[in-house]
Protein chains: 2
Amino acid sequence: MQHALLEAQQAFASGEVPIGAVVAREGAVIAAAHNLVESRKDIAAHAEILALQRAAQIVGDWRLENCDMYVTLEPCAMCAQAISYARIRRLYFGAYNPKGGGVDHGARIFTHPTCLHKPEVIGGVEETAAQELLTRFFKDVRQES
Amino acid sequence: MQHALLEAQQAFASGEVPIGAVVAREGAVIAAAHNLVESRKDIAAHAEILALQRAAQIVGDWRLENCDMYVTLEPCAMCAQAISYARIRRLYFGAYNPKGGGVDHGARIFTHPTCLHKPEVIGGVEETAAQELLTRFFKDVRQES
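Computed from a predicted model, the values in this text were never measured in an experiment.

*Asks:* Give me the environment of B:Asp42: which residues, what numbers.
*Replies:* Inspection of the secondary structure puts B:Asp42 in the loop between α2 (37-40) and α3 (47-59). Here B:Asp42 is in contact with A:Gln53, A:Trp62 and B:Val37, once residues within four sequence places are set aside. For B:Asp42, the side chain forms a polar contact with the side chain of A:Gln53, separated by 2.9 Å. Looking at B:Asp42, its side chain comes within polar contact range of the main-chain nitrogen of B:Ala44, at 2.8 Å.

Following this line, the structure appears as structure tokens:
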């Protein structure tokens, strides 16, 4: 999660909503990414999807079995479904996201019978650090607008 | 929808699950794509996401206001959330997808109070043609395996 937080800080520094994600296999990080929605003009350039795409290139398969994801914020419905498709074994996330999350809130992607792969989910890991970065980012945005 | 079906046929020809999508603005197609999950080894390379990404590059903004999407199959939860983020005005889809859909089935992405943009949805457009292509594809897959 420390590596994911560093990625989130990089997003913050470039004016993107500060969210970072990494994919790890056997305890080693194999891919890392941060949110790039604004710079890429791409609604799918969330940290989680970018990290899954990079990991798939390294593994040589979109099936990331025996891989875990660490992400600083509860994934949205789009990313949660992507995480399910990629067959991520365990999902660790930092801050909870009642407004935009899709794991413990909103669409609750992993709860539906049609969801074919449900990772083990551990929320609230380094929650304070992840949340502090997001709070600071949105405070800055409000002051600028 | 005819253009989306042509895209689906291209996917079929290259061994990908035959799904096609287009983004249209003022009645003209501005972006088209088909499913490329296997060839790109990318769980996010669904026709809808690729079409949204291409349209965003053309428009110069990830916000595709006043744009409509035509897709041959009911979008999954990942793509439905992406369609919401992109602010697509109307979503026309072909075949219904009880097992994998996320609009009228499963996570029903647009029904949650936390879903900030809900497109108008018109399902079943050219349903027979879209379904026939999918049925033929999976029949071929089963015969080969």
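*Asks:* Can you break down the pattern of salt bridges residue by residue, with the values?
*Replies:* Residue and element names in this part refer to chain A. A full pass over the atoms with the stated rule returns 10 salt bridges over all chains. Here Asp68 makes a salt bridge to Arg89, at a shortest N to O gap of 3.0 Å. With a gap of 21 residues between them, Asp68 in strand β3 (residues 67-73) and Arg89 in the loop between α4 (77-85) and β4 (90-95) connect regions that are remote in the sequence.

*Asks:* Kindly report on helix α3 (residues 47-59) of chain A, identifying the contributing residues and their values.
*Replies:* All names here are of chain A. The terminal C-alpha atoms of α3, which comprises 13 residues, lie 18 Å apart, in line with the 18 Å expected from a rise of 1.5 Å per residue. Along α3, the positions that sit buried rather than exposed are Ala47, Glu48, Ile49, Leu50, Ala51, Leu52, Ala55 and Ala56. One or two positions beyond α3, positive phi appears at Gly60, with a value near 85°.

*Asks:* Give me the interface of chain A and chain B: which residues, what numbers.
*Replies:* The partner chain B presents 31 residues to the 31 residues of chain A that form the contact. A buried area of about 2,400 Å², summed over both sides, lies between chain A and chain B, and 65% of it is on carbon and sulfur atoms. The largest contributions to the chain A side of the interface with chain B come from A:Lys41, A:Ile43 and A:Trp62, which together make up 27% of the buried area. Taken together, chain A and chain B are joined by zero salt bridges. Applying the counting rule to chain A against chain B returns six residue pairs in polar contact (both at pLDDT 80 or more). At the level of secondary structure, the elements contributing two or more residues to the side of chain A that touches chain B comprise α2 (37-40), α3 and α4 of chain A. When the residues that make up the side of chain A that touches chain B are grouped by side-chain class, the tally is 16 nonpolar, eight polar and seven charged.

*Asks:* Account for the relation of the copies chain A and chain B, naming residues and giving values.
*Replies:* After a rotation of 180° and a shift along the axis of 0.0 Å, chain A superposes on chain B with an RMSD of 0.0 Å. Expressed as an axis order, the relation between the two copies is that of a two-fold axis. No C-alpha of chain A lies nearer the rotation axis than that of A:Met78, which sits 1.9 Å from it. Mapped onto chain B, 100% of the interface residues of chain A again fall at the interface, so both copies present the same surface.

*Asks:* Explain the environment of A:Met69 to me, using residue names and the numbers behind them.
*Replies:* Mapped onto the elements, A:Met69 comes out in strand β3. A C-alpha to C-alpha distance of 16 Å links A:Met69 and A:Ala45, two positions 24 residues apart in sequence.

*Asks:* Outline the sheet that holds strand β3 (residues 67-73) of chain B, supporting the account with residue identities and numerical values.
*Replies:* Picture the strands of a sheet paired through backbone hydrogen bonds; they go either parallel or antiparallel. All names here are of chain B. The mixed open sheet is built from five strands, whose spatial order is β2-β1-β3-β4-β5. Bordering the open sheet on either side are β2 (28-34) and β5 (120-122), each of which pairs with just one other strand. Ignoring strand direction, the axes of neighbouring strands in this sheet form an average angle of 15°. The pairing of strand β4 (residues 90-95) with β5 spans three bridges and is parallel. Paired with Tyr92 across the two strands is Ile122, which belongs to β5. Contacts from α3 reach β1 (20-25), β2 and β3 within the one sheet, and its direction differs from that of β2 by about 140°.

What counts as what
- Residues numbered from 1 in each chain as written.
- Chains lettered and ligands numbered in written order.
- Predicted model: local features only at pLDDT ≥ 70, side-chain atom pairs only at ≥ 80, totals over all residues.
- Heavy atoms only, no water.
- Helix = DSSP H or I, 4+ residues; strand = E, 2+ residues; numbered from the N terminus.
- Contact = heavy atoms within 4.5 Å.
- Polar contact = N/O pair within 3.5 Å; in protein donor to acceptor, adjacent residues only side chain to side chain.
- Salt bridge = Lys/Arg side-chain N within 4 Å of Asp/Glu carboxyl O.
- Expected span 1.5 Å × (residues − 1).
- Buried < 20%, exposed > 50% of the residue type's maximum accessible area, 1.4 Å probe, protein only.
- Buried area = accessible area lost by both parts, 1.4 Å probe.
- Nonpolar A, V, L, I, M, F, W, Y, C, P; charged D, E, K, R; others polar.
- Least-squares fit on C-alpha atoms with pLDDT ≥ 70 in both.
- Pairing = 2+ DSSP bridges.
- Axes fitted to C-alpha atoms, helices over the stretch in contact; angles between N-to-C directions.

Scope: geometric values only; no functional claims are made or implied.
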